[in-house]
Amino acid sequence: MAPSSKDPRDDSLSVSFTLPKSWATTSDNASSSAMLLAGVAMITRNQLFVWPALFMSVSAYLNQQPLRLKDGGMGFTAILAAVGCLITVSLPRFIIQPDSVPAPGAQAVPPS
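Conventions we followed
- Residues numbered from 1 in each chain as written.
- Predicted model: local features only at pLDDT ≥ 70, side-chain atom pairs only at ≥ 80, totals over all residues.
- Heavy atoms only, no water.
- Helix = DSSP H or I, 4+ residues; strand = E, 2+ residues; numbered from the N terminus.
- pLDDT = per-residue confidence, 0-100.
- Patch = residues over 30% accessible without salt bridge, like charges linked within 9 Å, V, L, I, M, F, W, Y side chains within 5 Å.
- Areas by Shrake-Rupley, 256 points an atom, 1.4 Å probe, with all protein chains shown as cover.
- Salt bridge = Lys/Arg side-chain N within 4 Å of Asp/Glu carboxyl O.
- Buried < 20%, exposed > 50% of the residue type's maximum accessible area, 1.4 Å probe, protein only.
- Axes fitted to C-alpha atoms, helices over the stretch in contact; angles between N-to-C directions.
- Parallel < 35°, antiparallel > 145°, perpendicular 65-115°, else oblique.
- Left-handed = near helix turned anticlockwise from the far one by under 90°.
- Contact = heavy atoms within 4.5 Å.
- Nonpolar A, V, L, I, M, F, W, Y, C, P; charged D, E, K, R; others polar.

## Considering the overall build of the protein
Each helix and strand counted, the protein has four helices and zero strands in total. Ordering the α and β elements of the protein from the N terminus gives α-α-α-α.

Laid out in structure tokens, this is it:
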């Protein structure tokens, strides 16, 4: 077999690997901060932390780049954590009913 000029093992044909200039190699701090805020909101049960976590996670998802996902970026996980946190924090408002107040003119039943 005759040697080919396009042999992939030939060192003179090698090209160094360079990333596209539009890809940043920085870490994804917005997703990490969104996950942190979602965790703080679940621990403290404070709904004021949920909305920034949801906003930051959606913002990070829309701003992600392909290289960040390969390097361990959060992707859709931060959005799921923020939505789960929103459900967790808001659910007691819908499930736990306040003490029933008797209607005007009705007799109050003493607790047994």
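## Brief notes about the confidence of the model for the protein
Looking at the protein, pLDDT values average 78 and 69% of them are 70 or higher. Per-residue pLDDT, averaged within each element of the protein, yields its smallest value for helix H3 (residues 66–70) (59) and its largest for helix H2 (residues 50–62) (89).

## Observations concerning a nonpolar patch on the surface
Residues Val83, Ile87, Leu91, Phe94, Ile95 and Ile96 make up a contiguous nonpolar surface patch of about 610 Å² in total accessible area. Structurally, the position occupied by Phe94 is in helix H4 (residues 77–95). Residue class for Phe94 comes out exposed when judged on its relative accessible area of 64%.

## Re the packing of helix H1 (residues 29–44) against H4
Between H1 and H4, the shortest axis-to-axis distance is 9 Å and the interhelical angle comes to 15°. One way to sum up the angle between H1 and H4 is to call them roughly parallel. In this structure, H1 meets H4 at a crossing whose hand is left-handed. Every residue of H4 that contacts H1 at Ser31, Met35, Ala38, Ala41 and Met42 is listed here: Thr77, Ala78, Ala81, Ala82, Gly84, Cys85 and Val89. Residue composition of the contact of H1 with H4, grouped by class: nine nonpolar, three polar and no charged.

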